[in-house]
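# Secondary and tertiary structure notes
The lines below spell out each chain.
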Amino acid sequence: MRDGYYLSVYITIDEYRHIFNIKNRHDYNISLYLKENDDVTLVHFWELERITGFKQHDSAFLNTEHAVEFINQLLAVYQLTVDDMVEIWGSPRISTVDDYHPVPEQPDYAYHGIWHLFSGIMLHSNTFKHEQILAFAVDGGPEFNTDPDSEEYAKYYYPGCYVDKGKITYLPAYSPGPLWGYASKKYDMREGSLMALGSAIDIKHEKNYMNDSLFLLKTDTRSYQTYIQLSSLFNEIEADFDKQPPSAIHPDFTYEENKIAFVMHAIQHISKAIMEKNVENAIRELGIDTEKTHLSLTGGFALNCPTNSHLMNKYKFKSFIAPPCVNDSGMSLGIALYAFYKKVGQFNFNFENAYYGDNDHTLHELMSDYQSFVKREDSFHPEQFLIDIQQGPICWFNNRSEVGPRALGNRSLLADPRNPEAKHKLNIIKEREWWRPVAPLVMEEHQKEWFVEDLPSPYMLQTSTIKEDQAAKVPAILHLDRSSRIQTVNERDNKDLYELLHIFNNETGVPILCNTSLNDKGEPIINKLEEAINFALRKKISVVYFNKKRIELHHFEEYHKQSPEPRLRDQFMRENRYTKLLHNRFNPHNLNKIYFGFAYYYPEIVPLLEQGLTSEVKSLLQKKFSEMDLNYEVMLPNCEGL
């Protein structure tokens, strides 16, 4: 391979999907690499949701011209275009080569899972080359956008592997992902909220709901049969909840919240059992010594902190390896690392920290535009920061953005963990349920003093329990069971964030701050300074820190915007004469575009759509959802997408 720039692109380009908002990938992302001899460097990582403002961006580009125009805007910060790339990988109609796929070498495994796997095992090439790694890629299931034919032949959707000093042995894995995907649709809640609610109430199940049918190596193509199977499990657990005495209902939660918590607590136990089975199968078949082996988990289920920590504590793995973008937001990383591995063999790569996203240097211009709202502007001073954080919350926008779905301290709302009202204030600002937890930032070297478990967690992928004698000091960061989804911070990875913790610890004796993502309800994490000041003015947050510049705001009543900044929404969704002609050709009856998205899952509705038989389409979909025990009225809007 030649030296130079390489682009990995996890998107879809398809005019039909663009016009009708049909989804087959989500969390689009693009990453740029520089190869110099044997060294490969990740230069920049873009998550499209941060740029377009569409949460979990999953809408296709209209055509190649549209995609290239969009990508060139991103590359312009480096004075590059797609024409400067040695190769482009990841998506049909923009890839410049077709020799980077894992299907020829690993026909038994869906390539989507292989790419997840490599986003973990190749994160640090020295570890890959010289040590042992046990890895599993566990998510809801793959997509087959690059090579649709592979869908028919892939024997396993969820790959695992054992790396012994660079030699890879593959093995199939079971995934708990479909359980959480079904729960998300059934209860109309994101998986993270379900996980939080499952930990929010102290629940003890008398029944073990685990059974062999839940060990899934491959779901059916459209998840239909899998969801029918899962509906009986969820109904069984809900029926047991209905048998609970009134005294078992937690009075601080609604009846529905109690029920969902009861179900998700059981699903969490099942998930741990499934992952234990993966580990124990590998130990038995490959003779693995876990204390000498690193554990790598990727795929959307790897965001499940309680399971990650459970496996690390039970099996005593040497360390935990995963990128912050373990879900599909990290697919372009896995695609690139697999491509370099396949085409180069040995190369040097190190994922240094989470901060590979955008920076924003427009503060001077922004302050001019918003001068009437700026009461005072100062440089950073530790003494003033201490005053601000105790009166907070404050907005903290600093340097390059973190990658992945969780705020890791550069696009954050920060608050004093000693204040029992801090979590309440943050949840009001974010417009979310009162029981939603707030994550703690903790100085890495002080973790053992405060938490029972001392596993490093730089990307907020571990759960720790606060020590009993410390809990009363930091009420704002705790679940009701005293657990916390922690982020450990050191000076090497994030010097400025570490400085905040150091200042706060020196004054208070508490090396912890509250941290939650800087974004409004339903909005991706904020990417630009103007989005941050819009947020602060709408939420009446008096103090913001932009790239370590302190700005005090006022005159909130004069700010009349009621919604987040639109980002690049209009620029992405093209509406022109060409798209209208295509729409009329594909949809002569002008049916609701929502229905067209279901044609991928239920091809039997295509003839009905062609005839304009809306009522028949609706009846068929209602029947399908009823069989899966999913609410038609909830499902339909959720599938409308953009």
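Overview of the structure. In this text the structure is predicted, and so the values were computed from the model without any measurement. (Residues numbered from 1 in each chain as written. Predicted model: local features only at pLDDT ≥ 70, side-chain atom pairs only at ≥ 80, totals over all residues. Heavy atoms only, no water.)

### Focus on the environment of Ala 422
Put simply, the test is: Put simply, DSSP H or I for four residues or longer makes a helix, DSSP E for two residues or longer makes a strand, and each gets a number counted from the N terminus. The contact rule is simple, with two residues in contact once any of their heavy atoms fall within 4.5 Å.
Looking at the element boundaries, Ala 422 is found in helix H15 (residues 422–430). Taking the C-alpha atoms as reference points, Ala 422 and Tyr 182, 240 residues apart in sequence, are found 33 Å from one another. Contact partners of Ala 422, with chain neighbours within four places excluded, come to Ala 415, Asp 416, Ala 476 and Cys 514.

### Overview of the nonpolar core
Operational definition: Take the buried residues of types Ala, Val, Leu, Ile, Met, Phe, Trp, Tyr and Cys, join any two whose side-chain atoms come within 4.5 Å, and each joined set is a nonpolar core. Using a 1.4 Å probe on the protein chains alone, a residue whose accessible area is under 20% of its type maximum counts as buried, one over 50% counts as exposed, and one in between counts as partly exposed.
Core analysis: the biggest nonpolar cluster contains 134 residues, and Ile 121, Phe 136, Met 264 and Ile 267 have the highest contact counts within it. Ranked by residue count, the leading element in this core is helix H10 (residues 255–286), at 12 residues. Ile 267 has contacts with Leu 179, Trp 180, Leu 233, Phe 234 and Ile 237, leaving out every residue within four places of it along the chain. Membership of the second largest hydrophobic core comes to 61 residues, among which are Met 367, Leu 414, Ile 533 and Ile 551.

### Some remarks on the packing of aromatic side chains
Rule in force here: Paired rings are identified among Phe, Tyr and Trp, the last through its six-membered ring, by centres lying within 6.5 Å, and are further divided according to the angle between planes into stacked (under 30 degrees), edge-to-face (over 60) and tilted (the rest). Lysine and arginine charges are scored as sitting over a ring when NZ or CZ, respectively, is within 6 Å of the ring centre and within 35 degrees of the ring normal.
As enumerated under the stated definition, the model contains 42 aromatic pairs in all. Between Phe 70 and Phe 572 the ring centres are 6.0 Å apart and the planes differ by 85°, which places this aromatic pair in the edge-to-face class. With Phe 70 in helix H3 (residues 64–75) and Phe 572 in helix H19 (residues 569–572), this residue pair connects regions lying 502 residues apart in the sequence. Taking relative accessible area as the criterion, Phe 70 reaches 3% and is therefore assigned buried. One aromatic cluster is present, formed by Tyr 6, Tyr 33, Trp 89, Phe 340 and Phe 347 through successive ring pairs. Lying over the aromatic face of Phe 215, Lys 277 brings its terminal NZ or CZ to 5.7 Å of the ring centre. Seen from the ring of Tyr 224, Lys 624 lies directly overhead, with NZ or CZ sitting 4.4 Å from the centre.

### Description of the sheet that holds strand E5 (residues 132–137)
Definition in use: Criterion used throughout: strands pair if DSSP finds at least two bridges between them. Lines are fitted to the C-alpha atoms to define the axes, a helix being fitted only along its stretch in contact, and any angle between axes, read from their N-to-C directions, falls within 0 to 180 degrees.
Strand order in the open sheet made by the five strands is E7-E6-E5-E8-E9, with mixed pairing throughout. Because the sheet does not close on itself, it has two edges, and the strands there are strand E7 (167–172) and strand E9 (320–321). Lying over the sheet, H10 contacts E5, strand E6 (159–164), E7 and strand E8 (293–298), oriented at roughly 140° with respect to E5. Docked against the sheet, helix H11 (residues 305–315) engages E8 and E9, running at close to 165° with respect to E8.

### Observations concerning the packing of helix H7 (residues 177–187) against H10
Rules: An angle counts as roughly parallel when it lies under 35 degrees, as roughly antiparallel when it exceeds 145, as roughly perpendicular when it falls between 65 and 115, and as oblique in every other case. Residue classes follow a fixed rule: Ala, Val, Leu, Ile, Met, Phe, Trp, Tyr, Cys and Pro count as nonpolar, while Asp, Glu, Lys and Arg count as charged, and any other residue, Gly among them, counts as polar.
Close contact between H7 and H10 brings their axes to 11 Å; oriented N to C, the two are set at 170°. One element, H7, and the other, H10, form an angle in the roughly antiparallel class. On the side of H7, the interface is formed by Leu 179, Trp 180, Ala 183 and Tyr 187, while H10 contributes Glu 256, Ile 260, Val 263, Met 264, Ile 267, Gln 268, Ile 270, Ser 271 and Ile 274. Within the contact of H7 with H10, the residues separate by chemical class into 10 nonpolar, two polar and one charged.

### Notes on unusual backbone geometry
In the segment running from Gly 392 into Pro 393, the intervening peptide bond is cis, with an omega of 15°. Tracing the backbone through its elements, the reader meets Pro 393 in the loop between helix H14 (382–391) and strand E11 (394–397). In this structure, Lys 316 is a non-glycine residue whose phi angle is positive, near 55°. One can find Lys 316 in the loop between H11 and E9. Lys 316 gets classed as partly exposed once you look at its relative accessible area, which sits at 48%. Residues other than glycine seldom take positive phi values, yet Asn 399 does so here, at roughly 55°. Tracing the chain through its elements places Asn 399 in the loop between E11 and strand E12 (411–415).

### Looking at the state of the cysteines
Condition: Cysteine sulfurs are considered disulfide-paired once they come within 2.5 Å of each other.
Scanning all chains against the criterion turns up zero disulfides. As a non-bridged cysteine, Cys 161 has Cys 325 as the owner of its nearest cysteine sulfur, 17 Å distant. Relative accessible area serves as the criterion here: at 0%, Cys 161 is assigned to the buried category. Cys 305 provides the cysteine sulfur closest to Cys 325, a residue in no disulfide bond, and the two sulfurs are 15 Å apart.

### Structural notes on the pattern of salt bridges
In plain terms, the rule: Within this document, salt bridges are pairs made up of a side-chain nitrogen of Lys or Arg and a carboxyl oxygen of Asp or Glu, the two lying within 4 Å of each other.
Throughout the structure, instances matching the rule amount to 35 salt bridges. Linking Arg 50 and Glu 47 is a salt bridge whose minimum nitrogen-to-oxygen distance equals 3.8 Å. Grouping residues by exposure puts Arg 50 and Glu 47 together as buried. Overlapping salt bridges bring together Lys 375, Arg 376, Asp 378, Asp 388, Arg 550 and Glu 552 as one network.

Bear in mind that shape data such as this cannot, by itself, settle questions of function.
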